[in-house]
Number of protein chains: 2
Amino acid sequence: MITYELDKSNSEPLYVQIYTKIKADIEAGAIKADEKLPSKRNFAQNLGVSVITVENAYNQLAAEGYIRSVPQKGYFAEKLGANFTAEKSAEQSRLSAVSQSSDDENKLFPFTIWAKLMREELSNNQVSLLKKPSFEGVYELRAAISRHLKQFRNITASPEQIIIGAGSEYLYMLMNILFGNNYVFAVEEPGYSKIAEIYANYGLKCERIPVQSDGIDIDFLKKIPANIIHISPSHHFPTGVITSVGKRYSLLEWASGSPDRFIIEDDYDSEFRLAGKPIPSMYSIDVMDKVIYMNTFSKSLASSIRISYMVLPPKFLRKYKEKLGFCSCPVSTFEQYALARFIDEGYFEKHINRMRVHYKKCRAELFSRMKQFDIFKNSVISGADSGLHCIVEFKTDLSDEDLLREVSTLGFRAAMIKNFYHSSAKEDLHTLIFPY
Amino acid sequence: MITYELDKSNSEPLYVQIYTKIKADIEAGAIKADEKLPSKRNFAQNLGVSVITVENAYNQLAAEGYIRSVPQKGYFAEKLGANFTAEKSAEQSRLSAVSQSSDDENKLFPFTIWAKLMREELSNNQVSLLKKPSFEGVYELRAAISRHLKQFRNITASPEQIIIGAGSEYLYMLMNILFGNNYVFAVEEPGYSKIAEIYANYGLKCERIPVQSDGIDIDFLKKIPANIIHISPSHHFPTGVITSVGKRYSLLEWASGSPDRFIIEDDYDSEFRLAGKPIPSMYSIDVMDKVIYMNTFSKSLASSIRISYMVLPPKFLRKYKEKLGFCSCPVSTFEQYALARFIDEGYFEKHINRMRVHYKKCRAELFSRMKQFDIFKNSVISGADSGLHCIVEFKTDLSDEDLLREVSTLGFRAAMIKNFYHSSAKEDLHTLIFPY
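Below is a summary of the structure that appears in this document.

So, how was this worked out
- Residues numbered from 1 in each chain as written.
- Chains lettered and ligands numbered in written order.
- Predicted model: local features only at pLDDT ≥ 70, side-chain atom pairs only at ≥ 80, totals over all residues.
- Heavy atoms only, no water.
- Helix = DSSP H or I, 4+ residues; strand = E, 2+ residues; numbered from the N terminus.
- Rg over C-alpha atoms; globule rule 2.2 N^0.38 Å.
- Buried < 20%, exposed > 50% of the residue type's maximum accessible area, 1.4 Å probe, protein only.
- Contact = heavy atoms within 4.5 Å.
- Buried area = accessible area lost by both parts, 1.4 Å probe.
- Salt bridge = Lys/Arg side-chain N within 4 Å of Asp/Glu carboxyl O.
- Polar contact = N/O pair within 3.5 Å; in protein donor to acceptor, adjacent residues only side chain to side chain.
- Phe/Tyr/Trp six-rings, centres within 6.5 Å; stacked < 30°, edge-to-face > 60°.
- Pairing = 2+ DSSP bridges.
- Axes fitted to C-alpha atoms, helices over the stretch in contact; angles between N-to-C directions.

Focus: the overall build of chain A
Helix and strand counts for chain A stand at 18 helices and 14 strands. What you see for chain A is a C-alpha radius of gyration of 24 Å, in line with the 22 Å of a compact globule of 436 residues. Along the first, second and third principal axes, the C-alpha set of chain A runs to 70 × 60 × 45 Å. Buried residues in chain A amount to 58% of all 436 residues.

Re the interface of chain A and chain B
Across the boundary between the two partners, chain A contributes 71 residues, which contact 71 residues of chain B. Of the roughly 6,400 Å² buried at the junction of chain A and chain B (both faces included), carbon and sulfur atoms supply 58%. When the buried surface of chain A facing chain B is broken down by residue, A:L130, A:R318 and A:F326 rank first, second and third, together holding 13% of it. Applying the counting rule to chain A against chain B returns zero salt bridges. At the junction of chain A and chain B, the tally comes to 18 residue pairs in polar contact (both at pLDDT 80 or more).

A closer look at the packing of aromatic side chains
All names here are of chain B. Under the counting rule described, the total for this entry stands at 55 aromatic pairs over all chains. Ring centres of F297 and Y309 lie 5.6 Å apart, and the angle between their planes is 40 degrees; on these two criteria the pair is classed as tilted. Residue F297 is found in helix α14 (residues 297–300), and its partner Y309 is found in strand β10 (residues 308–311); the two are separated by twelve residues along the sequence. This pair shows no difference in class: F297 is buried, exactly as Y309 is.

A closer look at the sheet that holds strand β14 (residues 431–435) of chain A
Residues and elements named next belong to chain A. Here we have four strands laid out as an open sheet, ordered β11-β12-β14-β13, and antiparallel in their pairing. Looking at strand neighbours, the two that pair on one side only are β11 (380–382) and β13 (415–416), the edges of this open sheet. With five bridges connecting them, strand β12 (residues 389–393) and β14 associate as antiparallel partners. Along β14, the bridge assignment pairs H389 with P435. With respect to the sheet, helix α18 (residues 400–409) is in contact with β13 and β14, its orientation differing from that of β14 by roughly 35 degrees.

Here it is as structure tokens:
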């Protein structure tokens, strides 16, 4: 019989825990379509909970269409859309590879200082905390980001050019509204799936441009009708490719070819350069107001802090205001003030430095563990100096699935790079991603 | 020469204050296109600031295209798109009429209790605060909202059906993604302009349905191709119309006519019923999983708290998860926990009650002041029992603009209802909105 470990000390009710686990098993295929679920009584006994608890979980699952009740016979798992199961499990493996490290990150987050700043803001700043900020966000935070960008990224942006958002995805949504259906977006292939998902969800035309060893394929770009390219030149996910300076100029040249062309520079983890010289942002070398710069604190601070921002080129500000000036800033005023002080008082820089040291250590440990196993012999590691993971290409005849299973049994956390490709022809690439 | 009062104790730099005021004047037409601005030196002297301060303000305005610099001659206001000035000033008068009261509201907000809860969360809940919540939001908050809805709105919704968002506009954006281009939206005419703006900005088809004395015009609805109607049956903005029970059933009947039809019930200020019996929500009388219920705490708590939520019908949960399960919850974990306790410990209910008492008092004062002036004689007041404003239809030959000017000189705060109509034929309606 299915057995789950339930956590009675958890604040989540037991029925929710059971519900969540069964749902996950059905989505993952661990419970097959039409498989009979244990009877309420037996299951309750097995889990050491009341029959009502199991009943509540079953009812919720039935209401959501995950299981069905057959009178006199019991409960059976429903057949989920093929699309659903396959996509979700791919998505889950992607996400887990990328985000499992967030618990580690959180341990490094200087919660005591953050809490102290928040407490001080609560005590001293009541009037401001209750004032609704302008659509761009709290001025103090935008000023702090402006100073930070100048100092650490050599980006000159006045606070007026900075717009605060609630996480990267929120900014992607704003881009949709800002440009809308008249533009064709292009994203990187492979890439961070959420970007394309958000654009595609809106029914926007969204092209995919292959990533080469020095950035996206410009010849390809020139052949497609895209106007807006959304790229991460500092550090491409998942390949770790850094766009070369030459290619950056070519991309700017491409953008100059039409007043409708723009570049979204997604600098989401540029803070985590572990070696080498800093790479100038595309924003800082753009003199034609073609580059919109984005970054987020959810990666660099803590995943529960949903604050991101973008820098608009000056010429863009009016267009932005006309189109989106009516939107309220979605981020709590309170955390905006706390973050402004966190940056201004040097804690953000300190935190980033500690994170870098931590990840360097993790990387060294990972590499030394890799050396102990034959399967890593002759493999090629790339993208190891920026971001929080590296790419390993194996010399092997194993399928990617078997390869992943193999390294997993050796105790490594990894994901298949082929899952980050949108194209459905999923041939084996013998390449895995290893988070630090 | 233009003279502005600057606030040197304000945390906003002086140049930003100058910049903001000039920009507002240009947008409002107070500074006309091609009008020469004062020279930097004279203006600086007049305002009692340094020349550099004025220069910074002018530079920012020039960068954003509000003014232009003519060598040897000085700075001149730019001509803004006709569209821009007209729309923006209409928008501003709308917004100011509706939101000026937010300072009052904020005074009523029990900040001390809120701060206490936040402090306690900071001290006791570190692990949870740093955990990234699921896409639906923090479970504790969803459970608290579930209990609140049952108790105060007689809505039965499990925590699993509740999705937390960052303000109403964020939820509107999610609706766009959820339904997308294949659906035709319809909103109320007149109505809260942001709803239609967000839908229209995405390039979605968006129809407008006239509001009658008992809700939207069903005959009209049946003639247009809309599938999704976004309505506020508890209290229509700005007319204050409450959708009759009969019409609610007709709308549900309409929705049952096709599997593609849905109703978004925007219950945004249902808490502020000042008289009469509570009206059952459409969600609570829907047995076909056709109604998506929305509400926000930005109205009922404080405008700086950007937390909203929606209740999805059970059959919808899987569709939602498939389409939007990859999106992170945009609201800070921290405030979600604080709000959960604020609701569970009874503070939210107390706050709403205080607000109601406050607005009843404001309403009484407004009515008694109205009685003192001839212009209100024979005028008809409507929509006074729900929401935070009333509608007054005047017996007058004055144009709406003159009417507004008249009541403004008498010291009333008001807005023209015709500005809330989307249709461009803006005939005089002799009707103004008065916020309490």
